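# Notes for the structure review
Here are the chains, one letter per residue:
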Amino acid sequence: MKGLLIKDLKLMKNMRNTLIIIAIVALGMSFYTSDMSFIVVYLAVISTSFTSSTISYDEFENGNAFLFSLPVSRRDYAVEKHLFSLLMCGGGWLAGSVLTVCGGVFRDGLDPAESVMAALVLLPVAIGLSSFMIPVHLKYSGEKGRIVMIILMGGVFLIVISGAKIAEKLGIDFRELGERMPVMSDGMGLAAALGISLVLLLVSCKISIRIMEHKEF
Amino acid sequence: MLRIENLQKNYGAFRLDCSMEVLSGRVTGLVGQNGAGKSTTFKAVLGLVRPDGGKIEILGKDSGQFGAGDRQELGVVLSNAGFSGYLTVRDIIPVLGSLYARFDKAFFLEQVKRFGLPDNQKIKEFSTGMKAKLKVLTAISHRARLLILDEPTAGLDVVARDELLELLRVFMEQDDNRGILVSSHISGDLETLCDDIYMIHQGKIILHEDTDVLLDNYAVLKMDEREYETIEKRYILCSRKESFGYSCLTNQKRFYRENYPKLAVLKGSIDEVIMMMIKGERL
């Protein structure tokens, strides 16, 4: 596992220029917008996408066949990709949060506690997205993976929009429903969201292990 | 060290049905044409493809029980795969150090220097020969017991090939309990390195012989049609119609030398034997 993590971190060197551009864009955005959620999600999701890049690098010139002839199990590989993704996602989220919290406090005079809370709310979203991406990229490599990802994202978007339209026609008001639900503190809500996102990550990990165990090289 | 019994794998019309064995202290070669089943056999041994039938035993364990930890004992070269080309030699050192408990960094670095491999250049920018050298160095740098080498000398010039073969000989001399399974399309490599050779054709092993026996006892006999009609065919394995008459492969060279002194008896090289076994007609 450690060897795989080192390999992926070494592969990240190839994405040095992309990382610099992302940092500059995020820094630029922090000067022109007070919408911190966008910057945090932008950094977290982009960082997560580096995991997909390392999967592509592993597949380059049939590299996976060699990788699995080393003392590396397919389970180790799938788990490592999730760990790496979590590290990347966490790193991106942290960088985005520091940037926006500092911006909020020093430029707009916001309460730091409020800014940190807002940043924390976005963490489960980023983890949830990364859970979604890894199995798709492990199952469908290269260009095919990107196409499947776009179709799935479109599908999710379509389901949400259709659901909202149907609910509207049936006269269901989600805002009212939310107000009627038992009161939950911000902290508890956040913990629940984080819990759900981690469960999603575990499910994703399990699916990824299955995908890898069925693959031939 | 390695025992393969009736290994089966089907890819459309191709059917692999292979049995072979690698013994401790021996270097075993696997030869055959492209697409004969060599790489599929290697991949099945390494668990990269799922066999449709048969049994594989590696270092005393059934292949199903042979886990990632057990692969510490293997050194592998695959003909068409290696570390990601986006890594450098300097990058893979800590990776190997973490994956292999007995990775010999000093030896690896010494050999990298000896073979003139650039340590800070992406592997994808290496020449074919440099990539081949790196693959072999990676396989022999963690004191493995069994090396599984698929075309390890492909793309190397004569001098580099000789140096790598010497490394493999030294590897074997260091420990009697080591073994190597190697495939190569360069028969000269196999003749000087292997103790025994398996020949595979269309997914089936068609010949297994000790290299010494193959080189000493096998021969190709050249004769016209009249000689072919009268010659003793008991020791002829296969024959092939030629423009001048017939070529016949025998594993009893001495018999024909002594009893047919006028016959053209050509020393049996691995290439000649492969050619005759594949293109000739079995008697």
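Conventions adopted
- Residues numbered from 1 in each chain as written.
- Chains lettered and ligands numbered in written order.
- Predicted model: local features only at pLDDT ≥ 70, side-chain atom pairs only at ≥ 80, totals over all residues.
- Heavy atoms only, no water.
- Helix = DSSP H or I, 4+ residues; strand = E, 2+ residues; numbered from the N terminus.
- Buried < 20%, exposed > 50% of the residue type's maximum accessible area, 1.4 Å probe, protein only.
- Pairing = 2+ DSSP bridges.
- Contact = heavy atoms within 4.5 Å.
- Axes fitted to C-alpha atoms, helices over the stretch in contact; angles between N-to-C directions.
- Patch = residues over 30% accessible without salt bridge, like charges linked within 9 Å, V, L, I, M, F, W, Y side chains within 5 Å.
- Areas by Shrake-Rupley, 256 points an atom, 1.4 Å probe, with all protein chains shown as cover.
- Salt bridge = Lys/Arg side-chain N within 4 Å of Asp/Glu carboxyl O.
- Domains from an automatic or database assignment.
- Buried area = accessible area lost by both parts, 1.4 Å probe.
- Nonpolar A, V, L, I, M, F, W, Y, C, P; charged D, E, K, R; others polar.
- Left-handed = near helix turned anticlockwise from the far one by under 90°.

### A look at unusual backbone geometry
Residues and elements named next belong to chain B. Here Asn6, not a glycine, exhibits a phi torsion of approximately 45°, which is positive. Mapped onto the fold, Asn6 is located in strand E1 (residues 2–11). Of the residues examined, Asn6 reaches a relative accessible area of 42% and is grouped as partly exposed. For Gln202, which is not glycine, the phi dihedral falls at a positive 50°. Along the chain, Gln202 turns up in the loop between strand E9 (196–201) and strand E10 (204–210). The exposure class assigned to Gln202 is exposed, which follows from its relative accessible area of 59%.

### Quick look at the sheet that holds strand E12 (residues 236–241) of chain B
All names here are of chain B. Ordered by their spatial adjacency, five strands build an open sheet running E14-E11-E13-E12-E15, and the pairing between neighbours is antiparallel. Two strands in the sheet have a free side with no partner beyond their single neighbour: strand E14 (264–267) and strand E15 (281–282). Examined bridge by bridge, E12 and strand E13 (residues 246–250) share five bridges and lie antiparallel to one another. Paired with Ser239 across the strands is Cys248, a residue of E13. Contacts from helix H10 (residues 270–279) reach strand E11 (219–223), E12, E13, E14 and E15 within the one sheet, and its direction differs from that of E12 by about 75°.

### Looking at a nonpolar patch on the surface
All names here are of chain A. A surface patch of nonpolar side chains, amounting to about 430 Å² of accessible area, comprises Leu27, Phe31 and Tyr32. As for its placement among the helices and strands, Phe31 is situated in helix H2 (residues 16–32). Judged by its relative accessible area of 59%, Phe31 is exposed.

### Considering the domain arrangement of chain B
Residues and elements named next belong to chain B. Per the domain assignment, the segments of chain B are domain 1 (2–210) and domain 2 (218–282). The distance between the C-alpha centroids of domain 1 and domain 2 comes to 34 Å. Contacts between domain 1 and domain 2 engage 11 residues on the former and nine residues on the latter. Between domain 1 and domain 2, roughly 930 Å² of surface is buried when both sides are summed, and carbon and sulfur atoms account for 72% of that area. Of all residues in domain 1, Ser187, Met199 and Ile206 bury the most surface against domain 2, accounting for 41% of the area lost on that side. Our count for the contact surface shared by domain 1 and domain 2 stands at zero salt bridges. In terms of residue class, the side of domain 1 that touches domain 2 is made up of six nonpolar, three polar and two charged.

### Quick look at the packing of helix H5 (residues 74–106) of chain A against helix H9 (residues 186–214) of chain A
Each pair of packed helices can be summarised by the angle the axes make with each other and by the distance between the axes. Residues and elements named next belong to chain A. As a packed pair, H5 and H9 sit with axes 8 Å apart at the nearest point and diverge in direction by 145°. Once H5 is placed against H9, the crossing between them reads as right-handed. Here Arg74, Arg75, Tyr77, Ala78, Val79, His82 and Leu86 of H5 lie close against H9, whose contacting residues are Leu201, Ser204, Cys205, Ser208, Ile209, Met212 and Glu213. Of the residues contributing to the contact of H5 with H9, the split by class is eight nonpolar, three polar and three charged.

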